[in-house]
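Descriptive structure summary
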Amino acid sequence: MTTPQGRHFLQIPGPTNVPDRVLRAMDRPTIDHRGPEFQALALRVLAGIRTIFKTEQPVVIYPASGTGAWEAALVNSLSAGDRVLMFETGHFASLWKALAERLGLQPEFIAGDWRHGADPAAIEARLREDRGHAIKAVCVVHNETSTGCVSPIGAVRKAIDAAGHPALLMVDTISSLASIDYRHDEWGVDVTVGGSQKGLMLPPGLSFNAVSEKAVAASKTAGLPRSYWDWGEMLAINAKGFFPFTPATNLLYGLDAAIDMLHEEGLERVFERHARHGEATRRAVRSWGLEVLCQEPAHYSGSLTAVLMPAGHDADRFRGTVLDAFNMSLGNGLSKLAGRVFRIGHLGHFNDLTLIGTLGGVEMGLEVAGVPHKAGGVQAAMDFLAQQQESQAASH
Ligand code: PLP
């Protein structure tokens, strides 16, 4: 392998590229986490992060990866043996279920085919059967990072209400937060799980629980053991601008800058940008004659696109070719999709030219790796993006 030239193209669906402004914001001496400068920073980011979840309620920030926030959501609000209804959207839903099992919960999957988001009607039907309200929580992954399918969370909320069921609603937004429209309060979500390393444009290392009043009330009686993850002490100490343990100070400086950047662009524009890049990518994929994994247009993801390899061609070999030839990382297929799909991340700090570079690497990689395809995918994406720019210019 020759020494890679130029900047690495990190086009996996997270961790994503960190903007220079965020890197600069973190590039400073670590401060006393019990001093006034930290307090001002903490109060600012604890308020600011709520706007990203679209909530007026508290958001807990952990110095942990997303898995920690998954665990925190469950141990704070549930008791051993509680039934939890989960939807099998893909690899990450399966990991969350396995975690729930290890904690002594009784998770139950509504089976999915890893090519669609969650089905609210199936959730409603299952909840209607549960007349004794044994199910204590419904858990859904908003954007399933292994498949590129988005679940309709507003409709899941309506399904729970239509069934007249009191279960808590917990949603994983690790690869949708700050990329795909999400409304913690409006959709009546009780715990939203988030992570720093995707739409928030930060390095890995922070994760979040946005918590409703109902979730906080449930935590008062929930029996699962917890200490580090406990919301109670965290919320009490956060209210004063501090943490019960050493916070990830420099990541919080980065978060402060990232929140500013998202608001300068405007959240709705951030979502439109991601949707546009998703559409451009799918046009490229179809022009190559390849298949998008997600089968339901209403569930297409603005964060990533998973692409099925033609039969007889290994996705990991293809990704290896792209890495060697073009210094670009694409996402791999996870668990049962291993070798069968590659994933193009188009989220976070990303623009039209980042996408064209990415798709250029894919198209050339298909050629170099001898994967059967038609030329013209990059052109199809360029045509779409140029047309979008034209209509935007015309409307101003
Ligand atoms: N949930 C989703 C949807 C994810 O994409 C990921 C990671 O990619 C996780 C959970 C797990 O998060 P982490 O790897 O940060 O622990």
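Analysis parameters
Residues numbered from 1 in each chain as written. Predicted model: local features only at pLDDT ≥ 70, side-chain atom pairs only at ≥ 80, totals over all residues. Pairing = 2+ DSSP bridges. Helix = DSSP H or I, 4+ residues; strand = E, 2+ residues; numbered from the N terminus. Contact = placed C-beta atoms within 7 Å. Axes fitted to C-alpha atoms, helices over the stretch in contact; angles between N-to-C directions. UniProt positions renumbered as here; feature names shortened; annotations may be inferred. Near = placed C-beta within 6 Å. Nonpolar A, V, L, I, M, F, W, Y, C, P; charged D, E, K, R; others polar. Domains from an automatic or database assignment. pLDDT = per-residue confidence, 0-100. Parallel < 35°, antiparallel > 145°, perpendicular 65-115°, else oblique. Left-handed = near helix turned anticlockwise from the far one by under 90°.

Quick look at the sheet that holds strand E14 (residues 341–345)
If you walk across this open sheet you meet the 3 strands as E11-E12-E14, and the pairing is antiparallel. In this open sheet, the two edge strands, each paired with only one partner strand, are strand E11 (291–292) and E14. Note that E11 and strand E12 (residues 304–308) share 2 bridges and pair antiparallel. Within the sheet, the bridge partner assigned to Val292 lies in E12 and is Val307. Against the sheet, helix H10 (residues 267–288) touches E11, E12 and E14, its axis set at about 15° to E12.

Regarding the UniProt feature "modified residue: N6-(pyridoxal phosphate)lysine" (unreviewed entry) in the protein
Using the residue numbers shown here, the UniProt feature "modified residue: N6-(pyridoxal phosphate)lysine" (unreviewed entry) corresponds to Lys198. Inspection of the secondary structure puts Lys198 in the loop between strand E9 (191–195) and strand E10 (207–211). Excluding residues that lie within four positions of it along the chain, Lys198 makes contacts with Gly14, Thr16, Ile174, Ser175, Ser179, Leu347 and Gly348.

Here we look at the site of the ligand
In the vicinity of the ligand, the residues found are Gly14, Ser65, Gly66, Thr67, Phe92, Val141, Thr145, Asp172, Ile174, Ser175, Gly195 and Pro204. Each residue belonging to the shell around the ligand can be placed in one class, and the counts come to 4 nonpolar, 7 polar and 1 charged.

Side note on the domain arrangement of the protein
How big an interface is tends to be stated in terms of accessible area lost as the parts join. For the protein, the assigned domains are domain 1 (9–16 + 266–395) and domain 2 (20–263). If you average the C-alpha positions of domain 1 and of domain 2, the two centres end up 27 Å apart. Every contact between the two is made by 26 residues of domain 1 and, on the other side, 26 residues of domain 2. In terms of residue count, the dominant contributor to the side of domain 1 that touches domain 2 is H10 (4 residues).

What to know about the UniProt feature "binding site: substrate" (unreviewed entry) in the protein
UniProt tags Arg343 as "binding site: substrate" (unreviewed entry). Within the fold, Arg343 resides in strand E14. When neighbours within four sequence positions are excluded, Arg343 is seen to be in contact with Ile12, Pro13, Gly148, Leu304, Thr305, Ala306, Leu330 and Gly331.

Considering the confidence of the model for the protein
Residues shown with low pLDDT carry predicted positions that ought not to be read at fine detail. When pLDDT is averaged along the protein, the result is 98; 99% of the residues meet or exceed 70. Taken together, the chains of this predicted complex give a pTM of 0.98 and an interface ipTM of 0.99.

Looking at the packing of H10 against helix H12 (residues 352–368)
Geometrically, a packed helix pair is captured by the angle between its two axes and the distance between the axes. Two elements in contact, H10 and H12, have axes separated by 11 Å at closest approach and are oriented at 20°. Accordingly, the angle class assigned to the pair H10 and H12 is roughly parallel. As for how H10 packs across H12, the hand of that crossing is right-handed. Contacts from His277, Ala280, Thr281, Ala284 and Trp288 of H10 reach H12 at Leu355, Leu359, Glu363 and Leu366. Counted by class, the contact of H10 with H12 contains 6 nonpolar, 2 polar and 1 charged residues.

Focus on the sheet that holds strand E3 (residues 83–87)
To summarise the sheet geometry, strands pair through backbone hydrogen bonds and adopt either a parallel or an antiparallel arrangement. In space, the 7 strands of this open sheet follow the order E2-E10-E9-E8-E5-E3-E4, with mixed pairing throughout. Whereas interior strands pair on both sides, the edge strands pair on one side only; in this sheet they are strand E2 (59–62) and strand E4 (106–110). This sheet shows a mean twist of 20° between the axes of neighbouring strands, independent of strand direction. Against the sheet, helix H3 (residues 66–77) contacts E2, strand E5 (135–141), strand E8 (168–172), E9 and E10, and its axis sits at roughly 165° relative to E9.

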